[in-house]
Amino acid sequence: MQAQTVTATPPGWQGAPEVTVLADIFEDDVQVAVWDRPSPVGQDVVALACEQRLAVKSWLDITQLEATLLRFLPHATYAPLRADLFLLADMVACLFGVDGVGLRVTALRKPMCPRFHVDRIPVRMLCTYGGAGSQWLPSPRVSDQLLVPGCEQSALYQQQHVEQLEAGQVALFKGETWRDNPGAGVVHRSPPMSPGQQRLLVTLDI
Ligand SMILES: [Fe+2]
């Protein structure tokens, strides 16, 4: 059965085609804020990233964004990706009042984190440019046992409750250390992938 796309309004979710919706993450009852937009990065970029097995992991100083992105992603084909990363990193810096962000750009041919988990960070911005987006479970759908290490997770959630981001959408996921508030973290995982599928995932942490 296919996971649901983010079209209804699951608990803890706030989404809109306007970028300003991302500021809703500061609301206590919002766990996931989604800027619903088409992907600004074409399949040619995703294909090149997968071919090059692109894996960038770096702390970005906001004052050096343009030069740093050019250093990591010099290929001319990556121009739309660089432009979008500039936009997203700048957005994170403005939204959370930070002068640097932790960037990861990863080309994936198999799920990176296939088990449901929470991230031990305050908040993460994520965007999948090609392929299936990340999956998450609204907190009322998370059983007490789901995050027990080594448990058989498939018996502990219902597929119909699994929400899924779409390519291009920009999401903010609260993490476990959001405002010293354990339990606020979004339970999420990489989407299952079929052979031959390609994903290009970007995450930005504060
Ligand atoms: Fe994660």
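Given the structure is predicted, the values throughout are model-derived calculations rather than measurements.

The rules behind these values
Residues numbered from 1 in each chain as written. Predicted model: local features only at pLDDT ≥ 70, side-chain atom pairs only at ≥ 80, totals over all residues. Heavy atoms only, no water. Axes fitted to C-alpha atoms, helices over the stretch in contact; angles between N-to-C directions. Helix = DSSP H or I, 4+ residues; strand = E, 2+ residues; numbered from the N terminus. Parallel < 35°, antiparallel > 145°, perpendicular 65-115°, else oblique. Left-handed = near helix turned anticlockwise from the far one by under 90°. Contact = heavy atoms within 4.5 Å. Nonpolar A, V, L, I, M, F, W, Y, C, P; charged D, E, K, R; others polar. Donors = N, O, S within 2.8 Å, 3.2 Å for Na, K, Ca; no water. Tetrahedral: all angles 85-135°; square planar, octahedral: opposite > 155°, others 65-115°.

*Asks:* Looking at this structure, how should I read the packing of helix 2 (residues 65-72) against helix 3 (residues 79-96)?
*Replies:* A pair of packed helices is captured by two measures, namely the crossing angle of their axes and the spacing between those axes. Following both chains from N to C, one finds helix 2 and helix 3 inclined at 140°, their axes separated by 10 Å at the closest point. Between helix 2 and helix 3, the angle falls in the class oblique. Of the two possible hands of crossing, helix 2 and helix 3 adopt the one that is right-handed. Contacts from Leu65, Glu66, Leu69 and Leu70 in helix 2 reach Arg82, Leu85, Phe86, Ala89 and Asp90 in helix 3. Considered class by class, the residues forming the contact of helix 2 with helix 3 number six nonpolar, no polar and three charged.

*Asks:* For this particular structure, what's the right way to read the coordination of the iron ion?
*Replies:* A four-donor tetrahedral metal ideally has 109.5 degree angles, and a six-donor octahedral metal ideally has angles of 90 or 180 degrees. For the iron ion, the full set of protein donor atoms is His117 (NE2), Asp119 (OD), Asp119 (OD) and His188 (NE2), and the range of their distances to it is 2.1 to 2.8 Å. If you look at the iron ion, its four donor atoms make angles of 50 to 134° with each other, and the shape they trace is irregular. Motif for the iron ion, donor spacing along one chain: H-x1-D-x68-H. Remark: His188 occurs in strand 10 (residues 187-189) and His117 occurs in the loop between strand 5 (100-108) and strand 6 (123-130); sequence separation between them is 71 residues.

*Asks:* When you look at unusual backbone geometry in this model, what are you seeing that I'm missing?
*Replies:* A negative phi holds for most residues other than glycine; trans holds for most peptide bonds. We note that Arg53 has phi near 50°; this positive angle belongs to a residue other than glycine. Mapped onto the fold, Arg53 is located in the loop between helix 1 (43-51) and strand 4 (55-61).

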